[in-house]
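So you can see what is in the structure, the chains are spelled out below.
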Amino acid sequence: NHLRLLNHQNGFPLRITRTVNVYGPEQPTYRIVPKASLCALLGRKLPRHGGGTSRRAFIHVDDVARGILTVLERGEDGEAYHMATLHETAIAELVAEVCRRCGARFEDVVEEVPERPGKDPVYVLRDSKIRRMGWNATVGLSKGLDETVGWARKNLEVLAMCSTEYRHAA
């Protein structure tokens, strides 16, 4: 809000991008795709909160990067642009796909735990504004999961030493 005020009052150049559920190689290991990959590859248990029924529209980091460039090149100062995909996936379905790619059985990897308090069943961003500028998500979930699981496999020795527990930024 402070930056928007600077833009409005002083003409400070500002373009805002928003996205949720970004995934891809080199992501922190507490995020769901690398976390599920590591648990499947290392034989660790992955907590499945509330049955994994909540749905998310996962977007690959390459699509986000292209979206940021689109906003920088064609966006208007003071405006906010959402980036999303049109395909929603249940968390349980996503984890099952990761397990399959890792050669692990879903039932052997997941451990049922209660839902986290306050967790939203669905996150939805409306991205029509950035789509009108010619941007759209192009990395399909299947290709993105292959790429991300491949990164986890390639770097397994180092990633095995990383925590998969969520760390809130201070």
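Residues numbered from 1 in each chain as written. Predicted model: local features only at pLDDT ≥ 70, side-chain atom pairs only at ≥ 80, totals over all residues. Heavy atoms only, no water.

Caption draft 1: Region of interest: the packing of aromatic side chains. Overall, the coordinates contain one aromatic pair when judged by the stated rule. With 6.4 Å between their ring centres and 80° between their planes, Tyr23 and Phe58 make a pair best called edge-to-face. With Tyr23 in strand S2 (residues 22-23) and Phe58 in the loop between strand S4 (55-56) and strand S5 (59-60), this residue pair connects regions lying 35 residues apart in the sequence. The same class applies to Tyr23 and to Phe58, which are both buried. Over the ring of Tyr81 we find Lys129; its NZ or CZ atom is 5.2 Å from the centre of that ring. (Phe/Tyr/Trp six-rings, centres within 6.5 Å; stacked < 30°, edge-to-face > 60°. Helix = DSSP H or I, 4+ residues; strand = E, 2+ residues; numbered from the N terminus. Buried < 20%, exposed > 50% of the residue type's maximum accessible area, 1.4 Å probe, protein only. Lys NZ or Arg CZ within 6 Å of the ring centre and 35° of its normal.)

Caption draft 2: Structural view of unusual backbone geometry. A positive phi angle, close to 60°, is found at Asn21, a residue other than glycine. By the element assignment, Asn21 lies in the loop between strand S1 (16-18) and S2. Its relative accessible area of 19% is what places Asn21 among the buried residues. In this structure, Glu26 is a non-glycine residue whose phi angle is positive, near 70°. Relative to the assigned elements, Glu26 resides in the loop between S2 and helix H2 (32-42).

Caption draft 3: Summary view of the side chain of Asp63. Here Asp63 is to be found in helix H3 (residues 61-74). A residue is classified by how much of its surface remains accessible, and Asp63, at 0% relative accessible area, is buried. Separated by 2.9 Å, the side chain of Asp63 and the backbone nitrogen of Thr138 make a polar contact. Residues within four places of Asp63 in sequence aside, it is in contact with Met83, Trp135, Asn136, Ala137, Thr138 and Val139. (Polar contact = N/O pair within 3.5 Å; in protein donor to acceptor, adjacent residues only side chain to side chain. Contact = heavy atoms within 4.5 Å.)

Caption draft 4: Representation of the packing of helix H4 (residues 91-102) against helix H7 (residues 141-154) within the structure. The interhelical angle for the contact between H4 and H7, taken along N-to-C directions, is 55°, at an axis separation of 10 Å. When the axis of H4 is compared with that of H7, the two are oblique. Of the two elements, H4 crosses H7, and the hand of that crossing is right-handed. Contacts between H4 and H7 involve Leu94, Glu97, Val98, Arg101 and Cys102 from the first element and Leu141, Ser142, Leu145, Asp146, Val149 and Arg153 from the second. Its residues assigned to classes, the contact of H4 with H7 shows six nonpolar, one polar and four charged. (Axes fitted to C-alpha atoms, helices over the stretch in contact; angles between N-to-C directions. Parallel < 35°, antiparallel > 145°, perpendicular 65-115°, else oblique. Left-handed = near helix turned anticlockwise from the far one by under 90°. Nonpolar A, V, L, I, M, F, W, Y, C, P; charged D, E, K, R; others polar.)

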